[in-house]
Every structure is written in C-alpha cells, then in structure tokens.
Amino acid sequence: MFLINMVDKNIFLVAFSFLSLQIQILNCFMETKELKEAILKLKKEKNAVILGHYYQRDEIQELSDFVGDSLALAQEAQRTECDIIVFCGVHFMAETAKVLNPQRKVLLPDMEANCSLARCCPADAFAEFKAQYPDHMVISYVNCSAEIKALSDLICTSGNAEKLVNSLPKDQKIIFAPDKNLGGYINRQTGRNMVLWNGTCTVHDALTAEGILKLKLANPDAPVIAHPECNAAVLQVSEFIGSTKAMLNYIKKSDSKRFIVATESGILYEMRQANPDKEFLAVSAQEGCSCLECADMKMNTLEKLYNCLLNENPEIILSDDLIEKAKQPIIRMLDMSKQLGIIK
Ligand code: 13P
Ligand code: SF4
C-alpha cells in the first residue's frame, strides 16, 4: 500500500512538473509575442527604423526592417529618413550610423556591445604607430572606433576591401588596421605589402584549420565558406572567402546542398531562411561546442530593444569635431564603392 502511494505520488509529481514546464514555455511564448508586438508599435509611433546585423539573435533579425552586412547597413543608415535609428549590432556599427546621420537619434540596445577588433586598437597607440609611417595612407576596416576612423584616409569593409585596395596606385604605401587577418588576406589577394596593425577578431581567430579539416573529412560534399577575419590557415582550407553578404550570395548560386560555415552562427538564421532546401554545418573553436558566437553581438535582446525604444536610450553621442573627421573616410569608401560598382 505504502509502495503504491509512493508510486502515485511520484507520477503526480512528474505530471505536475511537466505541466508547469509547459505553462512556463507558453508564458514565455506569449511574453515574446507581446514583446515583439510592443516593439513594432513603439517603432511606428516613434518613426524609428531597426537595422540589424546578420549575427544578431534570430528574433531580432526577424523584427529588423533591414538586415545586412556592415557595408549594406552603413548604406542603409545613410539612406534612412526616419527620426530614430535603432542599431541592432555592435558599437562601431551604431557609431558609423551616427556619423552618417548626425541630425538623427541613433540608439544601441546595449551600450556594452563592442567588438574585439575595436577594443584592440586604442586611438593614442594607433596615432603613435601611424607617426612611424608618415608617407603611408591609412585604410581602416570599419570594425574600429570613430577615433580610429578620424585618423584614417579610407574605411573599408570585408565586402569591398579587396576592390578598394586594388583600385589604388600600385606604388601607394598603405597602413591597414586593425585586423591583421583581413589585412593579410588582402595583401595575398592583391600582391601588396600593407603594414598591418596587430589586431584580430577573437571570435574568428579562434577557429583552427585542424577543426575545419575534421569537419571537411566527415562531410566531403560540403564546401567550406569562411569570413576573411579567420586566420590564414583556416582561409587556406576554405573554398570560398567573403563577407557575410558575399557568403549568402555564394550559397544561393552554388549547386552544393551542404556547406561548412566558418563564421559567427547568427548568419545561419538568414542562410536557412533563404535556402530551406540546403543544409548548414556550424563550426566551433572548442571541442564539444557546436557553434561560434560573438558575445558582443548577442548582448542585444528583445527586452533591451524594447526598453531602448521606449526610453530612447542608450544613445550614441559624438562630438561635432569627431563626426566631421570620421565622416570623410566613410564617405570616401561609399563614393569609391559606387564608382567601382560594388554598391548602387
Ligand atoms: P560583415 O561586414 O561581413 O557583415 O562582417 C562584420 C563583422 O563584424 C564580422 O565579424
Ligand atoms: Fe567584432 Fe568579431 Fe564580433 Fe564581428 S564577430 S563584431 S569582428 S568581435
């Protein structure tokens, strides 16, 4: 009798926990749905646009008015006529939007969302480095602070770097900052000898050729597509190298059905949305982990997005002088990209 009671009690407890778990999931789903609706309502009331990078959480990409790579997002920020830009990405991206739109309010859901490349290149140290090469032009990858942009002659993104560098006179001496992996890749592609700042994206740089080769051996039909922020050894074993947007274009045109994706796993959302018939294998920098995540990119959440729209804060604030200085190399990049037919 005692035993039967115990069994009954346990069954009851299991059933109860299962039911309460289901209620929690349902509540969470309802909350998410309500939160999404509230964000869209606020966005409309405040005449705001939400720009999202491909590495953002799925639910943020879903809510964004425009999702793109750094180049397309900078262009979209330049085009917008909304009063408020909510930038769902990292700090340097929101700063770029502010530099291009000083008259508009630019919000970033989490002000702590930065980038390892921007962190590894402080302006005072870079100014000293630059002073050692007075006859060099400075090209900076857009993943840097507004202060570094202000010290640069031309900005580039992973989507235009090779063509921009190729368009310059062959004897032009160049400093490239802050990503030595992207800079090294461009040197190899263009036959240049740009002087490189010693910085990396800690997320991409952690990938190893050994890890990629293991996946490749197990999936010989799947080409490896990699972001140029990966180190040279990883790029060497990759079939395609390009920006997030370029990877998406490659997949669309490719006859392959499966791909090994050597970049941040947020991009898998758009890859799956755009190619439901294809399969994507995520890479990882660690044994036992199945994806590569940029902690900074993942700092923005639906809750923070809602609060930031509601309170119009955190806001990107830059001095007029910094905006003026940082704007010139960004505008130069956009103008050259149009002339070279990279963007419309
Ligand atoms: P894309 O410009 O290719 O989207 O890259 C941005 C970035 O931060 C890559 O790590
Ligand atoms: Fe910066 Fe790397 Fe994150 Fe891109 S993935 S935002 S380069 S830290």
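Rules and cut-offs
Residues numbered from 1 in each chain as written. Chains lettered and ligands numbered in written order. Predicted model: local features only at pLDDT ≥ 70, side-chain atom pairs only at ≥ 80, totals over all residues. Heavy atoms only, no water. Helix = DSSP H or I, 4+ residues; strand = E, 2+ residues; numbered from the N terminus. Buried < 20%, exposed > 50% of the residue type's maximum accessible area, 1.4 Å probe, protein only. Areas by Shrake-Rupley, 256 points an atom, 1.4 Å probe, with all protein chains shown as cover. Lys, Arg positive; Asp, Glu negative; His and termini not counted. Charge placed at Lys NZ, Arg CZ, Asp CG, Glu CD. Pairing = 2+ DSSP bridges. Phe/Tyr/Trp six-rings, centres within 6.5 Å; stacked < 30°, edge-to-face > 60°. Axes fitted to C-alpha atoms, helices over the stretch in contact; angles between N-to-C directions. Parallel < 35°, antiparallel > 145°, perpendicular 65-115°, else oblique. Contact = heavy atoms within 4.5 Å. Nonpolar A, V, L, I, M, F, W, Y, C, P; charged D, E, K, R; others polar.

Novice: Is there a simple way to explain the overall build of the protein chain in this structure?
Specialist: Along the backbone of the protein chain there are 16 helices and 12 strands. Projected onto the principal axes, the alpha-carbon positions of the protein chain cover approximately 90 × 50 × 35 Å. The proportion of buried residues among the 344 residues of the protein chain is 51%. Only carbon and sulfur atoms are counted for the fraction: they give 54% of the accessible area of the protein chain, which is about 16,600 Å². Measuring between centres, the 37 positive side-chain charges of the protein chain sit 4 Å from its 44 negative side-chain charges.

Novice: Looking at this model, I keep getting lost on unusual backbone geometry. Mind explaining?
Specialist: Working note: non-glycine residues mostly have negative phi, and peptide bonds are mostly trans. Following Ala177, the chain continues into Pro178 via a peptide bond in cis, with omega recorded as -10°. You can see Pro178 is positioned in the loop between β7 (174-177) and α9 (180-190). Residue Pro314 is bonded to the preceding Asn313 through a cis peptide linkage, with omega at 0°. For Asn47, which is not a glycine, the phi torsion comes out positive at approximately 50°. Tracing the backbone shows Asn47 in the loop between α1 (2-45) and β1 (48-53). Under the relative-accessibility criterion, Asn47 is labelled partly exposed at 33%. In this structure, Glu312 is a non-glycine residue whose phi angle is positive, near 50°. Following the sequence through the fold, Glu312 ends up in the loop between α15 (302-311) and α16 (320-339). Judged by its relative accessible area of 23%, Glu312 falls in the partly exposed class.

Novice: I keep staring at the pairing of strand β5 (residues 137-141) and nothing clicks. Help me out?
Specialist: Moving residue by residue along a regular strand, the side chains alternate between the two faces of the sheet. Within β5, 5 of the 5 residues are buried, leaving the element largely enclosed by the surrounding structure. One ladder, built from 4 bridges, connects β5 with β7; its direction is parallel. Within β7, the position partnered with Val138 by the bridge is Ile175. Examined bridge by bridge, β5 and strand β6 (residues 154-156) share 3 bridges and lie parallel to one another. In the strand pairing of β6, Ile139 is matched with Leu154.

Novice: Is there a simple way to think about the packing of aromatic side chains in this case?
Specialist: We describe a pair of aromatic rings using the distance from one ring centre to the other and the angle between the two ring planes. Under the defined criterion, the tally for this structure stands at 7 aromatic pairs. Centre to centre, the rings of Phe240 and Tyr250 are 4.4 Å apart; their planes meet at 15°, and the pair counts as stacked. Here Phe240 is found in strand β10 (residues 240-241), whereas its partner Tyr250 is found in helix α13 (residues 244-253), with 10 residues between them in sequence. Here the aromatic residues Phe126, Phe129, Tyr133 and Trp197 are joined through ring pairs into a cluster of three or more.

Novice: Just to check I follow, could you spell out the packing of helix α3 (residues 70-79) against α16 for this structure?
Specialist: Between two packed helices, the angle of one axis relative to the other and the distance separating the axes together describe the packing. At a closest axis distance of 11 Å, the pairing of α3 and α16 adopts a crossing angle of 105°. Put simply, α3 runs roughly perpendicular to α16. Contact residues: Leu71, Gln75 and Gln78 in α3; Ile331, Met333, Leu334 and Lys338 in α16. Residue composition of the contact of α3 with α16, grouped by class: 4 nonpolar, 2 polar and 1 charged.

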